[in-house]
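# Understanding the architecture of this molecule
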Amino acid sequence: MTSCQSSENLASPWSPAPKGLEGVVVANTMISKIDGKGGKLVYRGYDIQDLAGNIPFEGVAFLLWVGHLPNPLEFDTFKKNLGEHRNIAADVKIFLESAPHEAVPLSVLRTAVSIMGLRPSDKDSILEDGLNLVSQFPTILSHYQRTRNEEEIIAPRNDLGHAANYIYMLTGEVPNKKHEHALDSYFTLLADHGMNASTFSARVTISTLTDIYSAIVSAIGTLKGPLHGGAPSKVWEMLQEIEKPENASAWLKERLANNERIMGFGHRIYKTEDPRSKILKELAKENADPDIFALATTVETEARKLLQAEHPARPLDTNVEFYSSLVLSAVGIPTDMFTSTFACARAFGWIAHIMEQLADNRVFRPNSEYVGPLDLRVPEAWRAKN
Ligand code: COA
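Note that the coordinates shown come from a computational prediction; the quantities given were computed from them, not determined experimentally.

### Regarding the overall build of the chain
Helix and strand content of the chain: 17 helices and 5 strands. Its C-alpha atoms give the chain a radius of gyration of 22 Å, near enough to 21 Å, the size a compact globule of 386 residues would have. Principal-axis analysis of the C-alpha atoms places the extent of the chain at approximately 75 × 55 × 50 Å. By the burial criterion, 49% of the 386 residues in the chain qualify as buried.

Pasting the structure below:
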């Protein structure tokens, strides 16, 4: 199948592509495959159920970028490389220390990436730039978090893994093995996901042969919306509002009666439970406060029942964001940093896609169907004036 063909119907100038490009294939990729009916997600041939927790995240990141699982030497070198790229530049620090304390952390990250991109870079430095970006996301976020809390800044430690170092810089404590494993698995599960909106943004932007920083700024801006990456904080807020399992049914009914969406449910591609959600639910059970976990499972059951009654033809199960909120909170991530932590994982996928796009590039330039009026004329009164 060539680019821009739909798996069901061909997009042509006579039949505009479906709204939201649903079902349209815009690129061939070897990075990840989603089986929406079977509820499966595969990275370069490996099921995520097999990867998450069995291989440290750095090994999964190598797999996404390079195409195969690393041997021990490749693993150590890649992990060391990530560790050595964690320090942020002085101009980024100045920005982080002057950014408004009420800013959304993902917006702070987006601007910090723009500042990183002020230095010239070219196609040949893509790997170096990619390492700088993924390694520095956690440093940028924790530097901002500790600045706004008026806490001492904690420098990155390059002997710790990607997940452990992030928690360490945020909290000042090296995490226990359970928390490290939970965040490491979260990073694996969230690292890539087919042609999601932010990945598509990154590919469209890099297809103009601009620099990688501009492409990542596009991707971050796209991730920020509540229909994409902005949902987990909203899930957490919903659970806080519901407060007790016995309030769940009435709260959810009222929300649906007001035509509002229930955060953490539904997905464009999955017609069954999101496979990431299954693993995250287990991680939440092991790490979250038992009362919150019990509340979340009640909300899950009640919401499924109500959504099924409302949309019998469209299964609306929990998506990745629902149990992510419990896992992230349990390991010490502040609520308003859930989406930026998602960005720390997804940046690995964005960069893999940027490299894939550049290896066989053609600028994205689809058509639109003009549906406005034609043959209008500027009124005489305007003509007379000019
Ligand atoms: N709560 C209530 N109704 C929902 C819903 C939700 N979470 N998700 C979808 N629906 C309903 C829509 O209202 C729509 O109903 P209608 O046909 O009567 O108008 C129908 O299901 C189809 O929804 P649609 O917007 O076409 O689905 P989509 O594929 O475009 O959207 C999401 C997918 C994820 C954006 C959507 O399910 C959603 O908004 N979920 C909540 C936000 C969220 O969890 N985002 C994180 C994404 S990982």
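### A word on the packing of aromatic side chains
Per the counting criterion, the structure on display carries 12 aromatic pairs. Residues tyrosine 166 and phenylalanine 187 carry aromatic rings whose centres are separated by 6.5 Å and whose planes lie at 25° to one another, so their mutual orientation is stacked. Within this pair, whereas tyrosine 166 is found in helix α7 (residues 162-171), its partner phenylalanine 187 is found in helix α8 (residues 177-190), the two being separated by 21 residues in sequence. Taking relative accessible area as the criterion, tyrosine 166 reaches 0% and is therefore assigned buried. Among the aromatic residues, those joined into a cluster by ring pairs are Phe57, Phe62, Trp65, Phe78, Tyr166, Tyr186, Phe187 and Phe348. One Lys or Arg, arginine 157, reaches over the ring of tyrosine 168 and ends 5.3 Å from the middle of that ring.

### Observations regarding the side chain of threonine 341
Within the element layout of this structure, threonine 341 appears in helix α16 (residues 338-359). The exposure class assigned to threonine 341 is buried, which follows from its relative accessible area of 0%. For threonine 341, the side chain forms a polar contact with the main-chain oxygen of methionine 337, separated by 2.7 Å. Once you skip the residues sitting within four places of it in the chain, threonine 341 turns out to touch Tyr166, Leu183, Tyr186, Phe187, Leu328 and Ile333.

### Overview of the site of the ligand
Arg261, Ile262, Gly264, Arg268 and Arg314 are the nearest of the 19 residues found near the ligand. At 2.7 Å from a nitrogen atom of the ligand is found a main-chain nitrogen or oxygen belonging to isoleucine 262. Between an oxygen atom of the ligand and a side-chain N or O atom of arginine 314, the distance comes to 2.9 Å. Taking 850 Å² as the accessible area of the ligand by itself, protein coverage stands at 73%. Taken together, the residues of the shell around the ligand break down into 9 nonpolar, 6 polar and 4 charged.

### Quick word on the sheet that holds strand β3 (residues 32-35)
Strand-to-strand pairing in sheets goes through backbone hydrogen bonds, with the strands running parallel or antiparallel. The 3 strands lie next to each other as β3-β4-β5, forming an open sheet whose pairing is antiparallel. Edge positions in the sheet fall to β3 and β5 (46-47), since each has one partner strand and no second. Direction of pairing for strand β4 (residues 40-43) relative to β5: antiparallel, over a ladder of 2 bridges. Paired with valine 42 across the strands is aspartate 47, a residue of β5.

### Focus on helix α13 (residues 275-287)
For α13, with 13 residues, the first-to-last C-alpha span of 19 Å sits near the 18 Å given by 1.5 Å per residue. Those residues of α13 lying buried are Pro275, Arg276, Ser277, Ile279, Leu280, Leu283, Ala284 and Asn287. The elements touched by buried residues of α13 are β4, α1 (48-51), α8, α14 (290-310), α15 (320-330) and α16.

### A short note on the confidence of the model for the chain
With 96% of its residues at a pLDDT of 70 or more, the chain has an overall mean of 93. This stretch, residues 1-12, has a pLDDT under 50; its non-local contacts, to residues over four places away or in other chains, come to 20 contacts.

### Some words on the pairing of β4
Relative to β4, β3 runs antiparallel, the two sharing 4 bridges. In the sheet register, lysine 33 faces β4, and the bridge partner there is valine 42. Where β4 folds back onto β5 in an antiparallel hairpin, the turn is made up of 2 residues, including arginine 44, whose phi is positive at roughly 45°.

### Concerning the domain arrangement of the chain
Here the domain parsing of the chain yields domain 1 (32-227 + 335-359) and domain 2 (231-330). In this assembly, 27 residues from domain 1 lie in contact with 28 residues from domain 2. With both sides pooled, the region where domain 1 packs onto domain 2 buries about 2,300 Å², and carbon together with sulfur makes up 70% of that total. If you look at where domain 1 meets domain 2, you find 0 salt bridges. Broken down by element, the side of domain 1 that touches domain 2 gets its largest block of residues, 9 residues, from α8.

### Focus on the environment of arginine 377
Within the secondary structure, arginine 377 sits in the loop between α16 and α17 (380-385). Taking the C-alpha atoms as reference points, arginine 377 and lysine 19, 358 residues apart in sequence, are found 31 Å from one another.

### With respect to a positive patch on the surface
A grouping of Lys37, Arg261, Lys271 and Arg314 is seen on the molecular surface, where their side chains present a positively charged patch. Relative to the elements of secondary structure, arginine 261 occurs in the loop between α12 (248-257) and α13.

Rules and cut-offs
- Residues numbered from 1 in each chain as written.
- Predicted model: local features only at pLDDT ≥ 70, side-chain atom pairs only at ≥ 80, totals over all residues.
- Heavy atoms only, no water.
- Helix = DSSP H or I, 4+ residues; strand = E, 2+ residues; numbered from the N terminus.
- Rg over C-alpha atoms; globule rule 2.2 N^0.38 Å.
- Buried < 20%, exposed > 50% of the residue type's maximum accessible area, 1.4 Å probe, protein only.
- Phe/Tyr/Trp six-rings, centres within 6.5 Å; stacked < 30°, edge-to-face > 60°.
- Lys NZ or Arg CZ within 6 Å of the ring centre and 35° of its normal.
- Polar contact = N/O pair within 3.5 Å; in protein donor to acceptor, adjacent residues only side chain to side chain.
- Contact = heavy atoms within 4.5 Å.
- Near = heavy atom within 4 Å.
- Areas by Shrake-Rupley, 256 points an atom, 1.4 Å probe, with all protein chains shown as cover.
- Nonpolar A, V, L, I, M, F, W, Y, C, P; charged D, E, K, R; others polar.
- Pairing = 2+ DSSP bridges.
- Expected span 1.5 Å × (residues − 1).
- pLDDT = per-residue confidence, 0-100.
- Domains from an automatic or database assignment.
- Buried area = accessible area lost by both parts, 1.4 Å probe.
- Salt bridge = Lys/Arg side-chain N within 4 Å of Asp/Glu carboxyl O.
- Patch = residues over 30% accessible without salt bridge, like charges linked within 9 Å, V, L, I, M, F, W, Y side chains within 5 Å.
- Lys, Arg positive; Asp, Glu negative; His and termini not counted.
- Charge placed at Lys NZ, Arg CZ, Asp CG, Glu CD.

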